[in-house]
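Structural overview
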Amino acid sequence: MVGIAQAMEIGPNSQKRTILALNSGSSSLKLGLYSLQGTNEETLATGAVEALGTKDATKDGRVWMQQGEKFLLKENRALATSREAADFLTKTLTVHSLPQPDIIGHRIVHGGPRLREHLRITPEVLKDLEAATAFAPIHTPPALEVIRFAMERFPDSPNVACLDTAFHRTLPEHAARLPLPDRFWQSGIRRYGFHGLSCESIVHVLGPDLAGKTVIAHLGNGASITAVKQGCSIETTMGLTPTGGVIMGTRSGDLDPGVLLHLLRDKAYDAQQLEHLLNHEAGLLGISGTTSEMRSLLESSATNASARLAVEMFCYSIRKAVGTMAAVLGGLELLVFSGGIGEHAAPVRTGICAGLDYLGIALDQEANARHADVISTSGSRCRVRVIPSDEDLQIARHCSQLA
């Protein structure tokens, strides 16, 4: 079985093209501009609008763009919508005389049951994406907004949908299926998995160093753990939606379904209140009562018991998931940390790996403290690495293949 990320790299396009990657989040928009020709990849610019919808630009709204280490733009600015953000960032590219894109790629969190592969966006594909909004109601509407903007702004450039669920289409049925009657499976209610573009980018970076039994821990405001066997996803923590799995910044992760029934029946919650609770009030924020930011929680954990508990529960949740993935894989040869927390929070990596010595994991604390590429000791039977994911460049790679 050929891994998805590996399969996508067969026969790279030899034509040199400029590719714009637009990565829509629920409250942010990231941009990457690349020049690709065959296996030659050049980053022309990266940028982002953060804290979309904020009312106080001096406090929260942030906009930046850079070429290499040089900032072309870095300022506080309040932008209300993803469309406004896309307009502002693409105009900034023009102001700095950067090339117009030949192809535009978009990160799509969930393509629903009909769209399971990266593909060019046609009117029919756009309808399917609109129909799949219910599967990712936080992420899909802003992504659609950005797609429509890109079609208007660059009418001659093809658009490509790069799906976070695509990497996980290799999940076997016994892992993907939920314990519900068959009619639900037939209607597309199943485990889809997410952070697929992040996983693909890590598989790409590892190349021949990819171990047969690998676990990728993508830890950020959203977090998921994926078991990768011979380059293919065979199990992952997120399910039907990005709300499930391990504890996250403001998302609950997995809950006893009885909790939801209790809230509906006895606390008079409606669907909208439940959605807000599970996606915006839970996780690290809900436990700590103050913040979802791991850096702040670590800084205050010495004196704040709630912050300390939030960090402890997060590490415990990830540690359990890593153990589960090792059981699915039949062992563990490589553990990869990625995402904002995975790449930058050494104490969290320590907390997760504590007690995983039975899997052959032994951390080199000095290497871990400086966020080295390899943070396991030379005698560790399971290697532990820190690898930054690059979803935007992975989007560009898919665009090079598909358009």
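Below you will find a few notes about this structure. (Residues numbered from 1 in each chain as written. Predicted model: local features only at pLDDT ≥ 70, side-chain atom pairs only at ≥ 80, totals over all residues. Heavy atoms only, no water.)

Attention shifts here to unusual backbone geometry. One can expect most non-glycine residues to show negative phi and most peptide bonds to be in trans. Look at His195: it is not a glycine, yet its phi comes out positive at around 55°. Phi at His371 takes a positive value of approximately 60°, unusual for a residue other than glycine. Along the chain, His371 turns up in the loop between helix H15 (365–369) and strand E13 (383–386). (Helix = DSSP H or I, 4+ residues; strand = E, 2+ residues; numbered from the N terminus.)

So, on to the sheet that holds strand E2 (residues 29–37). Strand order in this open sheet of eight strands is E5-E4-E3-E2-E1-E6-E8-E7, and the pairing throughout is mixed. Where the open sheet ends on each side, the last strands, each with one partner, are strand E5 (70–76) and strand E7 (119–120). Pairing geometry for strand E4 (residues 62–67) and E5, over six bridges, is antiparallel. Its bridge partner being in E5, Gln66 is matched across the sheet by Phe71. Taken strand by strand, helix H4 (residues 140–153) contacts strand E1 (17–24), E2, strand E6 (103–108) and strand E8 (159–163), and its axis lies near 170° from that of E6. (Pairing = 2+ DSSP bridges. Contact = heavy atoms within 4.5 Å. Axes fitted to C-alpha atoms, helices over the stretch in contact; angles between N-to-C directions.)

In total, this model carries two aromatic pairs according to the counting rule given. Between Trp64 and Phe71, the ring centres sit 6.4 Å apart and the planes meet at 75°, which makes this aromatic pair edge-to-face. Taking the ring centre of Phe71 as reference, the NZ or CZ of Lys74 above it sits at 4.8 Å. If you follow Arg190 out to its NZ or CZ, it ends over the ring of Tyr192, 5.5 Å from the centre. (Phe/Tyr/Trp six-rings, centres within 6.5 Å; stacked < 30°, edge-to-face > 60°. Lys NZ or Arg CZ within 6 Å of the ring centre and 35° of its normal.)

Let's shift gears to the nonpolar core. Judged by nonpolar contacts, the single largest core of 49 residues is most densely connected at Leu219, Ile225, Leu332 and Leu335. Elements that contribute at least two residues to this core include exactly strand E9 (213–219), strand E10 (223–229), helix H11 (294–300), helix H12 (305–329), strand E12 (334–338), helix H14 (346–353) and E13. Ranked by residues supplied to this core, first place goes to H12 with 11 residues. In contact with Leu219, not counting residues within four places along its chain, are Ile225, Phe314, Ile318, Phe337, Ser338, Gly339, Gly340, Ile341, Gly342 and Ile352. With 25 residues, the next largest nonpolar core counts Leu29, Leu33, Phe88 and Phe154 among its residues. (Core = buried A, V, L, I, M, F, W, Y, C linked by side-chain atoms within 4.5 Å. Buried < 20%, exposed > 50% of the residue type's maximum accessible area, 1.4 Å probe, protein only.)

To continue, consider the state of the cysteines. Applying the stated criterion to the full structure yields zero disulfides. Between Cys162, a cysteine without a disulfide, and Cys399, which holds the nearest cysteine sulfur, the sulfur-to-sulfur distance is 4.8 Å. Relative accessible area serves as the criterion here: at 0%, Cys162 is assigned to the buried category. In this structure Cys382 is a free cysteine whose sulfur lies 8.3 Å from that of Cys353, the closest cysteine sulfur available. According to the relative accessible area criterion, Cys382 is buried, its value standing at 0%. (Disulfide = S-S within 2.5 Å.)

With their axes 10 Å apart at the nearest point, helix H3 (residues 123–131) and H4 run at an angle of 160° to one another. The pairing of H3 with H4 is recorded here as roughly antiparallel in orientation. The two elements H3 and H4 cross, and the hand of that crossing is left-handed. Touching Leu126, Leu129 and Glu130 of H3 are Thr140, Leu144, Ile147, Arg148 and Met151, all from H4. Residue composition of the contact of H3 with H4, grouped by class: five nonpolar, one polar and two charged. (Parallel < 35°, antiparallel > 145°, perpendicular 65-115°, else oblique. Left-handed = near helix turned anticlockwise from the far one by under 90°. Nonpolar A, V, L, I, M, F, W, Y, C, P; charged D, E, K, R; others polar.)

Among the secondary structure elements, Arg397 is positioned in helix H16 (residues 391–402). Sequence separation between Arg397 and Gly38 is 359 residues, and the spatial gap between their C-alpha atoms is 9.5 Å. In this structure, Arg397 is in contact with Leu36, Glu41, Ser201 and His204, ignoring residues within four places of it in sequence.

Here we come to the sheet that holds E10. The sheet built from five strands is open, its strands ordered E11-E10-E9-E12-E13 with mixed pairing. With one partner strand each, in any of the chains shown, strand E11 (232–236) and E13 form the two edges of the open sheet. Sheet twist, expressed as the average angle between the axes of neighbouring strands with direction ignored, equals 25°. Examined bridge by bridge, E9 and E12 share five bridges and lie parallel to one another. By the bridge assignment, His218 is partnered in E12 with Ser338. Sheet contacts for H12: E9, E10, E11 and E12; angle to E10, the most-contacted strand, approximately 15°.

Residue position: Thr90 is located in helix H2 (residues 82–95). The class for Thr90 is buried, based on a relative accessible area of 1%. Here the side chain of Thr90 touches Ala86 through a polar contact of 2.7 Å, landing on its backbone oxygen. With residues up to four places along the chain from it excluded, the contact list for Thr90 reads Leu20, Phe149, Arg153 and Phe154. (Polar contact = N/O pair within 3.5 Å; in protein donor to acceptor, adjacent residues only side chain to side chain.)

By themselves, these are just geometric observations and shouldn't be taken as functional.
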